[in-house]
Every structure is written in C-alpha cells, then in structure tokens.
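Listed here are the chains, written in short residue letters.
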Amino acid sequence: MDERIREHAEILVDWSARIEEGDDVVVSVAEGAHDLAVAVAEVLGERGANVVTTYASGEVSRAYLRAHAGDFDEAPAHELALYENADSVLALGGGRNTFATADVDGETRQAAARANQRVREARLATDWVSTVHPTRSLAQQAGMSYEAYQDFVYEAILRDWESLAEEMSRVKDVLDAGSEVRLVSGDTDLTMSIEGRNAVNSAASVAYDSHNLPSGEVFTAPYDTEGEVRFDVPMTISGARVRDVWLRFEDGEVVDFTAAAGEDTLADLIDTDAGARRLGELGIGMNRGIDRVTDNVLFDEKMGDTVHLALGRAYDACVPAGESGNDSAIHTDLITDVSENSRLEVDGDVIQRNGRFYWEDGFEDGEDGFETDSET
C-alpha cells in the first residue's frame, strides 16, 4: 500500500475526526475507496473505536432512484437510528463513474432530498468528516493522469494544518468583526450581511467546526443578499455539467438565473424548497496546495484565489446559539475565480484583491484600509 494512504488515514482519524477509544463510528465507503477504507479501519482498530461500514455507490443510487415511484418514506427509522447513535461519520469518497446519476430526473432528486432531510440532519449532528480517495474516474474527470492526480490529492491533504489554521484565523477575525461583505469582479457586484454570524476557520478538523479533508477555507452564513454574481468555475452537480452560472438576488432570494450549461439542473436545485433560493454559505478558499480546478467541489471550493457561495442550508456553526440560519434540503456550492480584476470587501475595507490577501505580497499597501503587515 502507498504509504501516503496510511498517512491520509491517520490525519483523518486523529486530526480531522478526533476519534477516541469507545467512539461509535460509521465509515461510508465509496466505490474505489477500498484501500483507504482498509487503512482507516486499521487506524480505528488501533484507537479502540467501534466501527460500522456502509457502501456508497452512484450506480446503486441510480438504480434505486430510477426504479422508485417517487413517494419516499421520510426519515426511515433504521437509517435514522444509525446516525442518531453515531459519534462520528467518516465519508470516504471515490467512485467509478462521476456521472452515474445523470439520468435521474430532477423531480425524483427533489423528493428524495426532502424525504432524507432528517437523516441528513442526524448525520450532520455527529463529528462527521468527508474526504476522498484518488480514483481513476476522478482523475479522468480532472483531466489528469492517475499518477498525477494521486500527487495532486496528497499535496492538498497531507498539509501542515496547524500552520494553515493560524494563517486562516486572520480572515476569520475580520469576518467575525464585520457586518457586510461585498464581492466585486467582472459582472459580479454582490453584497451580503454577516452581522452576528460566526466565521469558521475550516482547518480540516472538527475541533475547528470543519468537516472536510482536504479543507482550507474560511466560511460564514450570509443573509440579506443583494445584487448579482457570476460563477465561472465549471462543476458537476447531480451528475450534470453546470457552467457559467449567473444569479441575481433581491431581498435575499434568487429572482433570476441563467447558465450556459446545466440550466435545467440549476432550476431543479432552486425549486427544491424555499430555502434553496437563499444563500447558506460564503466561503473563501485558502488552500494553495490545490492549484487547479478538478471538477470535484471538495477540492475546488478550497482552492486559493476562489470564493464560493452555497445555495441552501446554512451550517449551525455559523449561527449564534438560539438562532436559526437558512434551512433547506440542499447545500450546493458554486465557485468564482477571484484571481484577476476582483476585490473582496468587509465593511468597505478590501481584504483580498486579485486573489492576494492584505498580508500577502502583491496586495497594494494601504490603498484600501489595510496594511500588508497589519494584524486583525
């Protein structure tokens, strides 16, 4: 076994999920992730955890959804009980065909998502972590050789996470103290309120309220969104290619949208429920170990020089206790490149220009209210 797989498993169990002896852990294993599952099981055994494994397959999901009449039982008790009694859920992504569910109709997807909402909430209430094992299908989707893709994945995952967490805390501090964010780039001019919301320093560990490995982003839950935004990073969503998305917001809701490809898929998402028309997340990518788009949101949304916004559900970690954020059966990220002709402002001060943060080389000193050596 590639030694990097063992290192990946150890980071996942120890740094990311913080598994302890006696923890009840569900490990969801996708097609092609067998080697990582073996390494994770071994590490979990050494830590004295209790393990249940499940199988996650796009082709199995396709067969079920296409055969079903569409009247799904809400929150099946057997599945709900599994997650309600789990301490942690480790999702090991992979897959044989990244477009396996492309021919499942939108109405069926929406019905299944709505019916599964309580199960999803139970899973998200655990110390869950999602990661990915490099597979040939993912390499093909990224347009890379398998060997090059392996190197790419491990460059993104096998990081000095403590050091990156310290750097990302600068952005978290600015967002926590801020009231309004404005994103300007090309035909994008969007404002979002963040007052009273908590930013998450997503350093690939549940100790930071972070649930992805790799990670490397700072995110919060915006509201009262106004303006328009262009997402120029192509993505595969629900098994369909979606490209060049444009959204216009009024009073916090999407009131108009277009897409050069996948517009029907986008329409299905927005029509899922009332919350699907509102934003649940503003995320700022800061993992410079991710240096190219791979059509895998787990990586692409963390890439340096990008900002992403998610339609749908807001994460509880971003919302103060006693308050509720945007609620929806979906949480779908859309990504925009901010490496050129762009700026990100918090309360009128530019904290990022053309992909460079105010403390980095290339950010023009002082022009917009921050010095490059300032502390927040």
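On a predicted model such as this, the values are computed, not experimentally measured, just so you know. (Residues numbered from 1 in each chain as written. Predicted model: local features only at pLDDT ≥ 70, side-chain atom pairs only at ≥ 80, totals over all residues. Heavy atoms only, no water.)

## Regarding the packing of helix H1 (residues 3–16) against helix H2 (residues 34–47)
- One can describe the packing of H1 onto H2 by two numbers: an axis separation of 9 Å at closest approach and a directional angle of 50°. Overall, the two elements H1 and H2 adopt an arrangement that is oblique. Of the two elements, H1 crosses H2, and the hand of that crossing is right-handed. From H1, Ile-5, Arg-6, His-8, Ala-9, Glu-10, Leu-12, Val-13 and Asp-14 reach across to H2, where they touch Asp-35, Leu-36, Ala-39, Val-40, Glu-42, Val-43, Leu-44, Glu-46 and Arg-47.
- Per-class residue counts for the contact of H1 with H2 are nine nonpolar, one polar and seven charged. (Axes fitted to C-alpha atoms, helices over the stretch in contact; angles between N-to-C directions. Helix = DSSP H or I, 4+ residues; strand = E, 2+ residues; numbered from the N terminus. Parallel < 35°, antiparallel > 145°, perpendicular 65-115°, else oblique. Left-handed = near helix turned anticlockwise from the far one by under 90°. Contact = heavy atoms within 4.5 Å. Nonpolar A, V, L, I, M, F, W, Y, C, P; charged D, E, K, R; others polar.)

## What about the sheet that holds strand E2 (residues 50–56)?
- With parallel pairing, five strands are arranged side by side in an open sheet as E2-E1-E3-E4-E8. Strand pairing shows two members of the sheet lacking a second neighbour, E2 and strand E8 (212–213), which therefore form its edges.
- Where strand E1 (residues 24–30) lies against strand E3 (residues 88–93), five bridges are found, and the strand directions are parallel. Each residue of the ladder has a partner; that of Ser-28, found in E3, is Ala-91. (Pairing = 2+ DSSP bridges.)

## Observations concerning the sheet that holds strand E16 (residues 331–337)
- Reading across the sheet, the five strands line up as E7-E9-E14-E15-E16 and stay open at both edges, with antiparallel pairing between neighbours. Of all the strands in the sheet, the pair left with one neighbour each is strand E7 (200–202) and E16. Sheet twist, expressed as the mean angle between neighbouring strand axes with direction ignored, is 25°.
- Summarising the sheet, strand E15 (residues 306–312) and E16 pair through seven bridges and their orientation is antiparallel. Considered in E16, the bridge of Gly-312 is made with His-331.

## What about the packing of aromatic side chains?
- All told, the structure shown has seven aromatic pairs when counted by the stated rule.
- For the pair Tyr-149 and Phe-152, a centre-to-centre distance of 6.0 Å together with 25° between the ring planes defines the contact as stacked. Taken as a pair, Tyr-149 and Phe-152 lie in helix H8 (residues 146–157) at a separation of three residues, close to a single helical turn. Each of the two residues, Tyr-149 as well as Phe-152, counts as buried.
- Directly above the aromatic system of Tyr-146 lies the positively charged group of Arg-136, at a separation of 4.1 Å from the ring centroid.
- Between Arg-353 and the ring centre of Phe-363, over which it is positioned, the NZ or CZ distance is 4.5 Å. (Phe/Tyr/Trp six-rings, centres within 6.5 Å; stacked < 30°, edge-to-face > 60°. Buried < 20%, exposed > 50% of the residue type's maximum accessible area, 1.4 Å probe, protein only. Lys NZ or Arg CZ within 6 Å of the ring centre and 35° of its normal.)

## Regarding the environment of Val-338
- Topologically, Val-338 is positioned in the loop between E16 and strand E17 (342–346).
- The exposure class of Val-338 is buried, given its relative accessible area of 2%.
- With 154 residues separating them in the primary sequence, Val-338 and Val-184 have C-alpha atoms 8.9 Å apart.
- Setting aside residues up to four positions removed in sequence, Val-338 forms contacts with Leu-183, Asp-305, Thr-306, Val-307, Gln-352, Asn-354 and Gly-355.

## Section: the pattern of salt bridges
- By the definition in use, this model includes 26 salt bridges.
- A salt bridge links Arg-230 to Asp-244; the shortest N-O distance between them is 3.5 Å. Separated by 14 residues along the polypeptide, Arg-230 in strand E10 (residues 223–231) and Asp-244 in strand E12 (residues 240–250) bring together distant segments of the chain.
- Judged by its relative accessible area of 22%, Arg-230 is partly exposed.
- The salt bridge partner of Asp-295 is Arg-241, with a shortest N-O separation of 2.7 Å. Taken together, the residues Asp-295 in the loop between strand E14 (279–285) and helix H11 (297–300) and Arg-241 in strand E12 connect sequence positions 54 residues apart.
- What emerges from the salt-bridge pattern is a single network uniting Arg-6, Glu-10, Asp-14, Glu-42, Glu-46 and Arg-47. (Salt bridge = Lys/Arg side-chain N within 4 Å of Asp/Glu carboxyl O.)

## Re unusual backbone geometry
- Between Leu-213 and Pro-214 the backbone carries a cis peptide bond, its omega angle lying at 10°.
- Along the polypeptide, Pro-214 turns up in the loop between E8 and strand E9 (217–220).
- You will see that Asn-341, though not glycine, has its phi angle at about 50°, which is positive.
- Looking at where Asn-341 falls in the secondary structure, it is placed in the loop between E16 and E17.
- Residue Asn-341 is classed as exposed on the basis of its relative accessible area of 65%.
- Backbone geometry at Asn-354 places phi at a positive 50°, although glycine is not the residue there.

## Looking at the pairing of E12
- Bridge analysis of E10 against E12 gives five bridges, and the strand direction is antiparallel. Looking across to E12, one finds that Gly-227 is bridged to Phe-249.
- By the bridge criterion, three bridges tie strand E11 (residues 235–237) to E12 in an arrangement that is antiparallel. The residue bridging Ile-237 from the neighbouring strand is Ala-240, located in E12.
- Between E11 and E12, which pair antiparallel and follow one another directly, the connecting turn spans two residues, one of which, Ser-238, has a positive phi of 55°.
- Strand direction decides the pairing type here: E12 and strand E13 (residues 253–261), joined by seven bridges, are antiparallel.

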